Each structure stands twice: as structure tokens, then as C-alpha cells.
Amino acid sequence: MKKEDKKTQGTTLGGTPVHLYGDFPKVGQAAPAFSLVSKDLQDTTLESFGAKRKVLNIVPSLDTPTCQASARRFNQAASGLDNTVVINISTDLPFAMSRFCTSEGLDNVVNLSVMRGREFMRNYGVKIADGVLAGVMARAVVVLDGSNVVRYTELVSEIKNEPNYDAALAALQGI
């Protein structure tokens, strides 16, 4: 990887700046296509979700309390939303993601792993380039409309913090 590909985008881990690879999506642009791995080890594309509104809940690992909290919160919010899918995207293996959601009763979210789709991390500008979490993803939320146009983004400034759920859900409801 070329050194010039690293970018500082105001993201920290415990107050220490974290460099990321790629460019984080901007509101109004078409979301980058992806193919990620589902719980049954099938490749799943962005197009697989059709014209539904989408919340991409991008997390480092569902094995951490903050990632678990965001999965729970978006699962709860999704239960009352029509034509909407919440997609947890993580570097975890599909088995681990599924095990967590099953044990927690989270049935209003779809889990996808970057196991065979690691280019997602760079294409969405969330691949951590250095530090103790190098190789996993920064915490982020991207809301897409039914045509996969980006309507809201948040690259969480401190990886240990939860995203702004109210802002993401307000953007979603405004679509």
C-alpha cells in the first residue's frame, strides 16, 4: 500500500489519531457497489437489497460492547421501519456475527462480513491503516435511499463512541 493513500479524517482511538485508507462517501453521491459474505457464506451485493432504504452500520467487531450497542439500537429502530434494511458490516467472520445476533434476539438486521470483500473497507474509506486496530474498520454509519444514493454519513470521530443514532434515523425517515 502506498503511503500517500493514508488519510487522517478526524478519527481517533482513545484520543490517538487513526489513519484510514480510501475516501469516505459523501452525501449525494452513488454508494460504491460491494459484495460481502452473509451468514450462510453466500456473496451478497448492495443490489441484493433492491429499492429498500439501507442503513450501513459499519463496525470494527461485534465482539466489542460499543459495536454490540449499535447493533442492538439499529435492530430496535429497524423493527418499526417500512422498506428499510439495517446491514451490520464487520471484519468478523459470519459465524461470530450470527452467533451474537442469535443470542441477543436481533432479527431486524442483516450481518455481512468483509471476509471475501475486503475492498469494501477502502472503497468506503474506513480501513484502519495503523495502530492496534490496523486492518479492521473504523466505526461509521451510511444511510442510502432506495436508489443507493448516500443521504447521510457519519464517520464516528472516536472509534470507542457510539454513532449519532438520532441523526441517522432522522435522515432515514426523511427519505
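Computed from a predicted model, the values in this text were never measured in an experiment. (Residues numbered from 1 in each chain as written. Predicted model: local features only at pLDDT ≥ 70, side-chain atom pairs only at ≥ 80, totals over all residues. Heavy atoms only, no water.)

A closer look at the overall build of the protein
Across its full length, the protein holds 4 helices and 10 strands. Listed N to C, the secondary structure of the protein is β-β-β-β-β-α-β-α-β-α-β-β-β-α in terms of helices and strands. For 175 residues, the compact-globule estimate of 2.2 N^0.38 gives 16 Å, and the protein sits close to it at 15 Å. Viewed in the frame of its principal axes, the protein has a C-alpha envelope of about 45 × 35 × 30 Å. Expressed as a percentage of its 175 residues, the buried residues of the protein come to 51%. A separation threshold of at least 6 residues defines the contact pool for the protein, and within that pool the share at least 24 residues apart is 66%. A total accessible area of about 7,900 Å² is found for the protein, and carbon and sulfur atoms account for 49% of it. Where the 19 positive side-chain charges of the protein centre and where its 18 negative ones centre are 3 Å apart. (Helix = DSSP H or I, 4+ residues; strand = E, 2+ residues; numbered from the N terminus. Rg over C-alpha atoms; globule rule 2.2 N^0.38 Å. Buried < 20%, exposed > 50% of the residue type's maximum accessible area, 1.4 Å probe, protein only. Contact = heavy atoms within 4.5 Å. Areas by Shrake-Rupley, 256 points an atom, 1.4 Å probe, with all protein chains shown as cover. Lys, Arg positive; Asp, Glu negative; His and termini not counted. Charge placed at Lys NZ, Arg CZ, Asp CG, Glu CD.)

Considerations on unusual backbone geometry
One non-glycine residue, Leu41, lies in positive phi territory at about 65°. Along the chain, the position of Leu41 falls in the loop between strand S3 (35-37) and strand S4 (43-45). We note that Asn148 has phi near 65°; this positive angle belongs to a residue other than glycine. Given the relative accessible area of 12%, Asn148 is considered buried.

Points about the pairing of strand S7 (residues 109-113)
Most of S7 is tucked away, with 4 of its 5 residues classed as buried. The pairing of strand S6 (residues 84-90) with S7 spans 5 bridges and is parallel. Across the sheet, the residue bridging to Ile87 is Val110, located in S7. (Pairing = 2+ DSSP bridges.)

Some thoughts on a nonpolar patch on the surface
A cluster of nonpolar side chains, namely Leu41, Leu93, Phe95 and Met115, defines an oily patch on the protein surface of about 340 Å² accessible area. Tracing the backbone through its elements, the reader meets Leu93 in the loop between S6 and helix H2 (94-104). (Patch = residues over 30% accessible without salt bridge, like charges linked within 9 Å, V, L, I, M, F, W, Y side chains within 5 Å. Salt bridge = Lys/Arg side-chain N within 4 Å of Asp/Glu carboxyl O.)

A short note on the environment of Asn75
With respect to the secondary-structure elements, Asn75 resides in helix H1 (residues 65-78). Of the residues examined, Asn75 reaches a relative accessible area of 8% and is grouped as buried. Put simply, Asn75 and Asn88 are 13 residues apart on the chain and 9.6 Å apart in space, counted from C-alpha to C-alpha. Those residues within four positions of Asn75 in sequence are excluded, and the remaining contacts are Gly105, Leu106, Asp107, Asn108 and Val109.

Here we look at the nonpolar core
If you look at the biggest cluster of nonpolar residues, it comprises 28 residues, and the most contacted ones within it are Leu56, Ile58, Ile89, Phe120 and Val126. For this core, the elements supplying multiple residues, two or more each, are strand S2 (16-21), strand S5 (53-58), S6, helix H3 (119-123), strand S9 (140-144) and strand S10 (150-155). The residues touching Ile58, leaving out its near neighbours within four places in the chain, are Ile89, Phe120, Val126, Met137, Ala138, Arg139, Ala140 and Val142. Within the second largest apolar cluster, 22 residues are counted, among which are Phe74, Ala78, Val109 and Val143. (Core = buried A, V, L, I, M, F, W, Y, C linked by side-chain atoms within 4.5 Å.)

Section: the packing of H1 against helix H4 (residues 165-173)
Taken N-terminus to C-terminus, the directions of H1 and H4 make an angle of 35°; their axes are 12 Å apart at the nearest point. Both H1 and H4 take part in a crossing whose hand is right-handed. Across from Ala69, Ser70, Arg73, Phe74 and Ala77 in H1, the residues of H4 making contact are Tyr165, Asp166, Ala168 and Leu169. Each residue belonging to the contact of H1 with H4 can be placed in one class, and the counts come to 6 nonpolar, 1 polar and 2 charged. (Axes fitted to C-alpha atoms, helices over the stretch in contact; angles between N-to-C directions. Left-handed = near helix turned anticlockwise from the far one by under 90°. Nonpolar A, V, L, I, M, F, W, Y, C, P; charged D, E, K, R; others polar.)

Shape descriptors only; they carry no functional weight alone.
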